[in-house]
Amino acid sequence: MKDSTATITKAQGVGRSDWERETTSRTGAGAVDDPYPKFAELRQNGPIHHGSTFEIFGVPDPTRDVWPDAHRFTIISFAEAEQVLRDAETFSNAGIRRMTEYVFGPVSLMGSDDPEHRQYRLLVQPAFARKSLSMWSQFVRPRLDELIDDFIAKGRGDIYFDYCAQFPVYVIGMALGVKREDLEQFHEWAAKLQVAAAPPDEARAAREAVHRYMLDIVNERRRAPRENDLITLLVQSEIDEGEGLQKLSDEQILGLISNLLPAGAGTTYRSLGITLVTLLERPALLAQVREDRTLVPVVIEEVLRWNGPVLVAPPRLATRDTEIAGVAVPKDSIVECCIAAANRDPAQFENPDVFDPFRPQKPTLSFSTGPHFCVGSQVARMELVTALNALLDRLPDLRFDPDQPQPTLTGLWYRMPTGVPAIWTP
Ligand code: HEM
């Protein structure tokens, strides 16, 4: 960990533009590089700790003002994190609404409980089922090849910014019907919609901009539905809010879109960046994966466990006085389940700090668990596998650029590499 009293400045964040450095620094990039020794130290004193994750690391908590008087707890063990994430009656997502309202508006997958949550979840789920993957995958490999075509002749470049960061938001944008020339702008809006990543007024402005933009597309799909199309699926969906089945309102459709955008972009490209740094640091493993592509998904899964992009699940609100591992948790406490720490719990994984794709496969919390389990996990896995395969196909001697500083992994709520400077034979 760097200076634990560090205040965050945008100079510390990761990104090529000011807004990007600022959004990443607000969630801990540049302030905390390696959180794992701290988790190991905390583990000596049990699975649950007072304070939010940010507070535990002495970093300004961008969500402090949301629940200024609440007791806050952080869970670092696998069993207790699983228990909390699965028990939505005791550990509600409703508390998140206050934190995300300015981002998602009144419709929030992340900020609602059943029965409201289940209704929205059932609406979007068909778009993410295995049989719908082609709705997403049709945009993936063409985009990846186009990106590689752009930089391959140079023989060197930072493939985190030029490759990883350039496709997931594009894929979501294309699936939503965004015009190509607007995708850059869309990327910025998506980043600002990520929880806690932008000041509330900027996030609100981004949400309004997305709504204005998407409303035209929604109206267009109502007039002319398309096959294999996400917005068509939403405009044709029906929901029962007590008065019989009704089509979704504009506000509901736009709200669901605002939910998908931030959840599916940064997470996926940061995972790919972390995967590349991990492989480039291990040339023998990289060569093995290049030869045996069945290892691609295996490596990706182990990276998600060992150093995934989402360090902590969205905070839960205790709906009653309860207790976790013998520690009293009063009603209205905010409880954070630290996915990264749980995924390195020695009670769940042998030698958890070792990156070992050949370890026995066991469930992880990388995509969380329970009713809010990541709806996009299959899409994310497909994108990651396709993107790594495309690089292995087209840049077979990819390696770190010896003339650039070695990148580090950094960040608290969201983890990411500082870059992936690489060279290859054009
Ligand atoms: C490697 C990439 C990804 C990771 C690691 C990841 C991880 C997560 C995690 C940890 C949660 C929180 C669940 C909870 O509150 O318990 C979540 C929720 C969510 N994710 Fe992902 N995600 C990824 C990619 C995606 C993609 C590609 C999409 C969509 C295109 C997506 C859509 C969502 C949505 C909509 C939610 C809210 C679900 C709900 O509350 O019901 N995610 N994800």
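Residue indices begin from 1 for each chain and proceed along its sequence in written order. Local features in this predicted model are restricted to residues whose pLDDT is 70 or higher, and side-chain atom pairs enter the listing and the counts only when it is 80 or higher, whereas totals over whole chains, interfaces and linings include all residues.

## Points about the overall build of the chain
So, step 1. The secondary structure listing takes helices from DSSP runs of H or I that are at least 4 residues long and strands from runs of E that are at least 2 residues long, numbered from the N terminus. On a plain count of helices and strands, the chain comes out with 18 helices and 14 strands.
So, step 2. In this treatment the radius of gyration is a C-alpha quantity, and the globule benchmark scales as 2.2 Å times the residue count to the 0.38 power. Here the C-alpha atoms of the chain give a radius of gyration of 21 Å, agreeing with the 22 Å that 2.2 N^0.38 yields for 426 residues.
So, step 3. Overall size of the chain, expressed as C-alpha extent along the three principal axes, is 60 × 60 × 40 Å.
So, step 4. In the chain, the share of contacts with a sequence separation of at least 24, taken over all contacts with a separation of at least 6, comes to 71%. In this description, a residue-residue contact is defined by the distance between C-beta atoms placed from the backbone, which must lie within 7 Å.

## Brief notes about the sheet that holds strand β1 (residues 48-50)
So, step 1. The strand order across the open sheet formed by 5 strands is β1-β2-β10-β7-β3, and the pairing between neighbours is mixed. Each end of this open sheet is capped by a strand with a single partner; those strands are β1 and β3 (91-92).
So, step 2. Think of each axis as a best-fit line through the C-alpha atoms, taken over the contacting stretch in the case of a helix, with angles from 0 to 180 degrees between the N-to-C directions. Running over the sheet, helix α5 (residues 94-104) touches β3, β7 (316-318) and β10 (334-337) and is turned about 135° from β7. Here, a strand pair is defined by DSSP locating no fewer than two bridges between the strands.

## Some words on unusual backbone geometry
So, step 1. In the segment running from Asp114 into Pro115, the intervening peptide bond is cis, with an omega of 5°.
So, step 2. Residues other than glycine seldom take positive phi values, yet Asn228 does so here, at roughly 50°.
So, step 3. Note that Asn228 resides in the loop between α11 (200-223) and α12 (230-236).
So, step 4. Counts of 20 or more other C-beta atoms within 10 Å of a residue's own C-beta define buried residues, counts of 12 or fewer define exposed ones, and intermediate counts define partly exposed ones; C-beta atoms are placed from the backbone. Taking the number of C-beta atoms within 10 Å as the measure of exposure, Asn228 has 13 and is therefore partly exposed.
So, step 5. The backbone of Ser368 sits at a positive phi, close to 70°, despite the residue not being glycine.
So, step 6. Inspection of the secondary structure puts Ser368 in the loop between α17 (339-342) and α18 (377-394).

## Quick look at the packing of helix α7 (residues 133-151) against α18
So, step 1. In contact at an axis separation of 10 Å, α7 and α18 are set at 30° when each is read in the N-to-C sense. Looking at the two axes, α7 sits roughly parallel to α18. Pair α7 / α18 crosses with right-handed handedness. Note on element contacts: α18 touches α7 through Gln378, Val379, Met382, Glu383, Thr386, Ala387, Ala390 and Arg394, opposite Leu133, Trp136, Ser137, Val140, Arg141, Leu144, Asp145 and Ile148.
So, step 2. Here the term charged refers only to Asp, Glu, Lys and Arg, the term nonpolar to Ala, Val, Leu, Ile, Met, Phe, Trp, Tyr, Cys and Pro, and the term polar to all other amino acids, Gly among them. Residue composition of the contact of α7 with α18, grouped by class: 9 nonpolar, 3 polar and 4 charged. Each angle is binned into one of four classes, with values under 35 degrees roughly parallel, values over 145 roughly antiparallel, values of 65 to 115 roughly perpendicular, and all other values oblique. Handedness of a helix crossing follows the sense of rotation of the near helix relative to the far helix, less than a right angle counterclockwise being left-handed and clockwise being right-handed.

## Things to note about the site of the ligand
So, step 1. Defining nearness, a residue is near a molecule or strand when the C-beta atom obtained from its backbone falls within 6 Å of it. As a structural note, the neighbourhood of the ligand is formed by 27 residues, with Ala263, Gly264, Ser368, Cys374 and Gly376 the closest of them.
So, step 2. Sorting the residues of the shell around the ligand by element identifies α13 (250-264), α14 (266-280) and α18 as the ones contributing at least two each.
So, step 3. For the shell around the ligand, the element with the most residues is α13, which contributes 4 residues.
So, step 4. Partitioned by chemical class, the residues of the shell around the ligand number 16 nonpolar, 10 polar and 1 charged.

## Details of the nonpolar core
So, step 1. Val171, Ile172, Ala190, Ile253, Ile257 and Leu261 are the most contacted members of the largest nonpolar core, which totals 75 residues.
So, step 2. With residues near it in sequence (within four places) discarded, Ile253 still touches Val218, Leu234, Val235 and Leu248.
So, step 3. Formed by 39 residues, the second largest nonpolar core is a distinct cluster that contains Ala31, Phe78, Val310 and Leu311. To count as a nonpolar core, a set of buried Ala, Val, Leu, Ile, Met, Phe, Trp, Tyr and Cys residues must be joined through C-beta atoms within 7 Å.

## Looking at the environment of Pro309
So, step 1. Residue position: Pro309 is located in the loop between α16 (295-307) and β7.
So, step 2. Once the C-alpha coordinates of Pro309 and Glu184 are considered, the two residues, 125 residues apart in sequence, prove to be 22 Å apart.
So, step 3. Among residues more than four places away in sequence, those in contact with Pro309 are Thr267, Arg270, Ser271, Ile274, Tyr414, Arg415 and Met416.

## Details of the sheet that holds strand β11 (residues 399-400)
So, step 1. Pairing is antiparallel in the open sheet, where 3 strands are placed in the order β4-β14-β11. Whereas interior strands pair on both sides, the edge strands pair on one side only; in this sheet they are β4 (156-158) and β11.
So, step 2. Bridge analysis of β4 against strand β14 (residues 421-423) gives 3 bridges, and the strand direction is antiparallel. Looking at the pairing, Asp158 lines up with Pro421 of β14.

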